[in-house]
Structure formats: structure tokens, C-alpha cells
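# A closer look at the structure
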Amino acid sequence: MAKPKVLVSHPNVPEAGLRLLQQECEVVVVQEASRDVILAAVAGVDAIFWCCKVRLDSQIIDAAGPGLKAVATMSAGYDHIDAAHLKARGIPLGNTPRVLDNAVADTAIALVLSVARRLQEGRHALERGTWVTGCPQAMLGVDVAGSTVGIVGLGGIGQAVAKRLKVFDVAKLQYCGHNPKPEAAALGAEFVSFDKLVDTSDIIVAACPSTPETRHLFNAQVFKRMKRSAILINVGRGDCIDQEALVEALKTKEIWGAGLDVMCPEPLPVDHPLIKLDNCVLFPHVGSATVGTRSAMATLAAKNILCALNDKPMLAEVK
Ligand SMILES: O=C(O)C(=O)CO
């Protein structure tokens with residue numbers, strides 16, 4: 001019997017995932033992760049392993065043909081995939097939650113410390129020769145110890161962030177979301193409204209997906225409500241923040257600073273005003289970018305496909 005055919009949408013995928021797929025499938029890896037190349041290669045495949053920035057829309061899904069049985073994205077987020085179209089066609093969509101929680105949470109902590117302690121500004125002072133020595137009031141940051149931390153979205157990543165920040169001796173952990181989470185008790189985190197979180201937190205970490213509800217959740221009104229000493233971190237999705245409003249809030253020191261691993265668009269244009277601000281630390285969406293985590297993500301995405309092709313539930317299926 002012919003092996004099922006799987007399209008892999010990027011030429012540079014971790015070996016672990018590819019090897020798993022190759023054990024049972026004919027694997028077609030595109031030479032280039034472009035929409036045209038993918039469209040030309042997708043006809044007749046049984047499954048799609050999605051791992052690129054191109055939007056997996058209904059045209060590409062339908063170009064695969066009637067034999068398409070499974071799609072797996074090598075990411076936790078799936079805002080770049082037409083999940084509604086897959087659902088309407090009865091095709092399961094797998095993603096890779098949990099395996100990236102620690103890596104993304106580490107990135108959030110790196111951002112918290114960089115912003116709180118003005119590390120970027122300090123580095124710039126070194127480079128520009130404006131490093132002031134001996135002044136007791138130079139380069140003062142804000143303390144993480146004793147602070148109130150608010151986490152927007154206490155999913156796996158939010159919980160991993162909370163766990164890490166606890167050991168920095170924060171005074172209080174609070175979170176908001178649709179419903180209270182059972183895991184919050186062990187973390188000592190209190191469920192509060194978004195408004196209360198915004199009003200009372202010293203450090204806010206957004207770890208939420210991109211949905212119509214979270215789009216521009218952080219906007220001009222919210223920045224006005226936040227403490228002037230507050231720090232905003234985003235490791236979820238860029239569109240949760242109204243970036244124009246953030247630029248204004250950072251320029252006018254309405255808030256202390258921001259640290260973003262995700263932006264809108266990605267890559268951010270090099271002349272974007274956020275890049276010029278000393279109180280804004282930007283990472284190029286590296287949250288899950290470790291050798292081990294990307295390998296685990298590729299493995300889970302491959303397993304999701306193999307499960308579906310063998311008529312089993314995926315290990316992580318988007319509901
Ligand atoms: O997997 C995802 O959705 C990510 O954004 C990882 O950083």
C-alpha cells in the first residue's frame with residue numbers, strides 16, 4: 001500500500017520531527033516557504049505539517065484536495081491558520097502547547113529583568129560613552145521583589161511565568177482570564193478582573209492568544225490606568241497591544257517600560273518608533289527558540305499527524 005503523503009511547509013525543520021514522519025510517510029519538504037511554492041506542492045497530500053509564517057488559508061487547504069486528513073502546526077498559536085475552514089471540512093488541527101511553556105516563560109523573565117533594570121539603556125550608555133559612574137541616583141531601576149505581578153492568561157505559559165516570578169520574592173501574583181484556573185491555588189495566584197489587574201499591577205505579563213477579544217486589549221485607555229512605574233511584557237501575540245498607543249505611553253513615561261517578544265507586524269519595520277525607545281526592549285519572537293524546545297515541538301506536530309493518519313485522536317488537538 002502507498003505511504004500517506006505529508007507536505008512540510010519549511011525547508012528547515014528539526015530532524016526529530018522529520019525522522020518520525022519519514023518512518024511512516026512519504027514526506028515532501030518544500031524548497032522555499034513561500035505561498036506559491038507551497039500551493040504548487042500541496043495537491044494530493046494526506047497531511048500538512050505547517051511551520052512557516054505564510055497563512056494557511058482555505059485556498060491552500062482546498063488545493064490539497066479531498067484526501068487531506070490532518071493538519072498540524074508546529075506552534076502553540078494557530079491564528080495563522082484558517083481553523084474554521086478545517087473544522088467545516090472535518091479535518092483535525094493539531095498544535096504544540098505545553099512543550100514550549102518553559103522556554104517562552106524564560107523569555108518573559110529575561111524581558112522583565114531587562115526592562116526593570118534598564119539593561120538596554122545601560123548597554124547603550126556603555127556604547128556611547130555616556131556611562132555615569134559614582135552617582136548614587138544613576139541608572140536606577142525598579143525592584144521585582146515586593147512587586148505585584150499580573151498575568152493575563154494563566155495557561156501553561158502564564159503558569160510557568162508565575163512559577164519563575166515567585167522565586168524573585170514578588171509580593172503578590174494575580175491573573176485574569178475567562179475563568180479561575182484550578183492550578184492557581186498552588187501558585188498562590190488570585191483571580192481578578194482585567195481592570196483590577198491593570199490598575200494594581202507593577203508588572204503585567206500578557207500570555208494570551210490572538211483572538212477578536214484580545215485584539216488591542218492594551219490600548220490608550222489601559223495605559224492611562226496603569227501605574228506610571230508599571231512594566232508591560234508581551235509573550236503572547238503582537239496584536240494584543242495597540243502599538244501606536246504603546247509608543248505614546250512609553251514616550252510620555254505614562255508607564256515605566258515594555259518588553260515584547262511578539263509584535264505587529266513581524267518582522268517589525270526597522271524604522272518603527274518602538275525600536276528607538278530606550279524603555280522598550282524587543283526580542284525577535286524567540287520565545288520557543290531553543291534547540292530542545294523546537295525539537296519537542298516538531299516531534300509533537302509529527303505525532304499529531306501520525307495519530308490522525310492512524311485514526312487515533314491527536315495528542316494535542318485544537319478544539
Ligand atoms: O508557538 C507559538 O505559537 C509561538 O509563538 C512560540 O513562540
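Keep in mind that this is a model prediction, so the values were computed, not measured.

## Quick look at the pattern of salt bridges
- As enumerated under the stated definition, the model contains 15 salt bridges in all.
- Residues aspartate 57 and arginine 35 are paired through a salt bridge, measuring 2.9 Å at the closest nitrogen-oxygen approach. Here aspartate 57 is found in the loop between strand 3 (47–50) and helix 3 (58–63), whereas its partner arginine 35 is found in helix 2 (residues 35–41), with 22 residues between them in sequence.
- Look at arginine 35 and you get partly exposed, because its relative accessible area is 27%.
- The partner of arginine 118 in a salt bridge is glutamate 121, with the nearest N and O atoms 2.8 Å apart.
- Take arginine 118: its relative accessible area is 22%, and that puts it in the partly exposed class.
- Each of Asp195, Asp199 and Arg225 takes part in one network of salt bridges that share partners.

## Quick word on the site of the ligand
- The environment of the ligand is made up of Ser75, Ala76, Gly77, Leu100, Arg237, His285, Ser288 and Met297.
- Take arginine 237: an N or O atom from its side chain is 2.6 Å from an oxygen atom of the ligand.
- The contact in question runs from an oxygen atom of the ligand to an N or O atom on the side chain of histidine 285, over 2.8 Å.
- For the ligand, whose accessible area on its own is 230 Å², the fraction buried by protein is 89%.
- Here the shell around the ligand is built from residues that sort into three nonpolar, four polar and one charged.

## Looking at the sheet that holds strand 11 (residues 257–260)
- Strand order in the open sheet made by the seven strands is 8-7-6-9-10-11-12, with parallel pairing throughout. For this open sheet the edge positions go to strand 8 (189–191) and strand 12 (280–282), each flanked by a neighbour on one side alone. Taken over all neighbouring pairs, the strand axes of this sheet differ in orientation by 20° on average, direction set aside.

## Observations concerning the side chain of threonine 107
- Tracing the backbone through its elements, the reader meets threonine 107 in helix 5 (residues 101–116).
- Under the relative-accessibility criterion, threonine 107 is labelled buried at 9%.
- In this structure, threonine 107 is in contact with Asp261, Phe283, Val286 and Gly287, ignoring residues within four places of it in sequence.

## Things to note about the side chain of asparagine 304
- Structurally, asparagine 304 can be placed in helix 13 (residues 291–309).
- Given a relative accessible area of 0%, asparagine 304 falls into the buried group.
- At 3.0 Å, the side chain of asparagine 304 forms a polar contact with the backbone nitrogen of alanine 316.

## Quick notes on the nonpolar core
- Within the largest apolar cluster, 55 residues are counted, with the highest numbers of intra-cluster contacts made by Leu21, Phe49, Ile233 and Val235.
- Beyond its immediate stretch of four places on either side in the chain, phenylalanine 49 contacts Val6, Leu7, Val8, Ser9, Val13, Leu21, Ala72, Met74, Ala298, Ala301, Ala302 and Ile305.
- Listed in part, the 30 residues of the second largest apolar core include Val198, Phe218, Phe223 and Ala230.

## A few points about the UniProt feature "domain: D-isomer specific 2-hydroxyacid dehydrogenase catalytic" (unreviewed entry) in the chain
- In the numbering adopted here, UniProt assigns the feature "domain: D-isomer specific 2-hydroxyacid dehydrogenase catalytic" (unreviewed entry) to residues 6–318.
- End-to-end, the C-alpha atoms of residues 6–318 are 19 Å apart, and along that stretch the chain is 37% helix and 14% strand.

## Some words on a nonpolar patch on the surface
- Residues Leu113, Val167 and Phe168 make up a contiguous nonpolar surface patch of roughly 250 Å² in combined accessible area.
- Looking at the secondary structure, you find leucine 113 in helix 5.
- By relative accessible area, leucine 113 is classed as partly exposed at 30%.

## Regarding the packing of aromatic side chains
- One pass over the structure, following the stated rule, counts two aromatic pairs.
- Look at tyrosine 175 and phenylalanine 191: their rings are 5.3 Å apart centre to centre, the planes differ by 55°, and that puts the pair in the tilted class. Of the two residues, tyrosine 175 sits in strand 7 (residues 172–176) while phenylalanine 191 sits in strand 8, which places them 16 residues apart along the sequence.
- Residue class for tyrosine 175 comes out buried when judged on its relative accessible area of 2%.
- Geometrically, the ring pair formed by phenylalanine 194 and phenylalanine 218 is edge-to-face, given 5.5 Å between the ring centres and 70° between the ring planes. Of this pair, phenylalanine 194 sits in helix 9 (residues 194–200) while phenylalanine 218 sits in the loop between strand 9 (203–206) and helix 10 (220–225), placing them 24 residues apart in sequence.

## Side note on the packing of helix 1 (residues 15–24) against helix 13
- Between helix 1 and helix 13, the shortest axis-to-axis distance is 7 Å and the interhelical angle comes to 20°. The angle between helix 1 and helix 13 falls in the class roughly parallel. In the crossing of helix 1 with helix 13, the sense of the turn from one axis to the other is right-handed. Two secondary-structure elements touch here, helix 1 through Ala16, Gly17, Leu20, Leu21 and Glu24 and helix 13 through Ser295, Ala298, Thr299, Ala302, Lys303, Ile305 and Leu306.

Criteria and thresholds
- Throughout, a residue's number is its position along its own chain's written sequence, starting from 1.
- Where local features are concerned, this predicted model is filtered to residues with pLDDT of at least 70; where side-chain atom pairs are given and counted, the filter is 80 or more; whole-chain, interface and lining totals use all residues.
- Just so you know, side-chain values use all the structure's heavy atoms and leave hydrogens and water out.
- One speaks of a salt bridge when a side-chain nitrogen belonging to Lys or Arg is within 4 Å of a carboxyl oxygen belonging to Asp or Glu.
- The numbering of helices and of strands both runs from the N terminus, where a helix is a DSSP run of H or I of at least 4 residues and a strand a run of E of at least 2.
- Accessible area is worked out with a 1.4 Å probe on protein chains only. A residue is then buried under 20% of its type maximum, exposed over 50%, and partly exposed in between.
- The criterion for a residue being near a molecule or strand is simple. One of its heavy atoms has to lie within 4 Å of it.
- In protein, a polar contact means a hydrogen-donor-capable atom and an acceptor-capable atom, both N or O and within 3.5 Å, with residues adjacent in sequence counting only if both atoms are side-chain atoms; elsewhere, any N or O pair within 3.5 Å suffices.
- Per-residue accessibility takes into account occlusion by the displayed protein chains alone, with areas from the Shrake-Rupley method and a 1.4 Å probe.
- Under the scheme applied, nonpolar residues are Ala, Val, Leu, Ile, Met, Phe, Trp, Tyr, Cys and Pro; charged residues are Asp, Glu, Lys and Arg; polar residues are all the others, including Gly.
- A pair of strands is treated as paired once DSSP finds two or more bridges between them.
- To get an axis, fit a line to the C-alpha atoms, keeping to the stretch in contact for a helix; angles then go from 0 to 180 degrees between the N-to-C directions.
- Contacts are assigned to residue pairs with any non-hydrogen atoms lying within 4.5 Å of each other.
- By convention a nonpolar core is built from buried Ala, Val, Leu, Ile, Met, Phe, Trp, Tyr and Cys residues, the set being connected through side-chain atoms within 4.5 Å.
- UniProt positions are given in the numbering used here, feature names are shortened, and annotations may be inferred rather than shown by experiment.
- Residues with no salt bridge and a relative accessible area higher than 30% make up the patches, which join like charges within 9 Å and nonpolar side chains (Val, Leu, Ile, Met, Phe, Trp, Tyr) within 5 Å.
- Only the six-membered ring of Trp is used, alongside the rings of Phe and Tyr, when aromatic pairs are assigned; centres must lie within 6.5 Å, and planes under 30 degrees apart are stacked while those over 60 apart are edge-to-face, with the rest tilted.
- In this scheme, roughly parallel covers angles under 35 degrees and roughly antiparallel covers those over 145, while 65 to 115 is roughly perpendicular and the rest are oblique.
- Left-handed describes a crossing in which the near helix is turned anticlockwise from the far one by less than a right angle; the clockwise case is right-handed.

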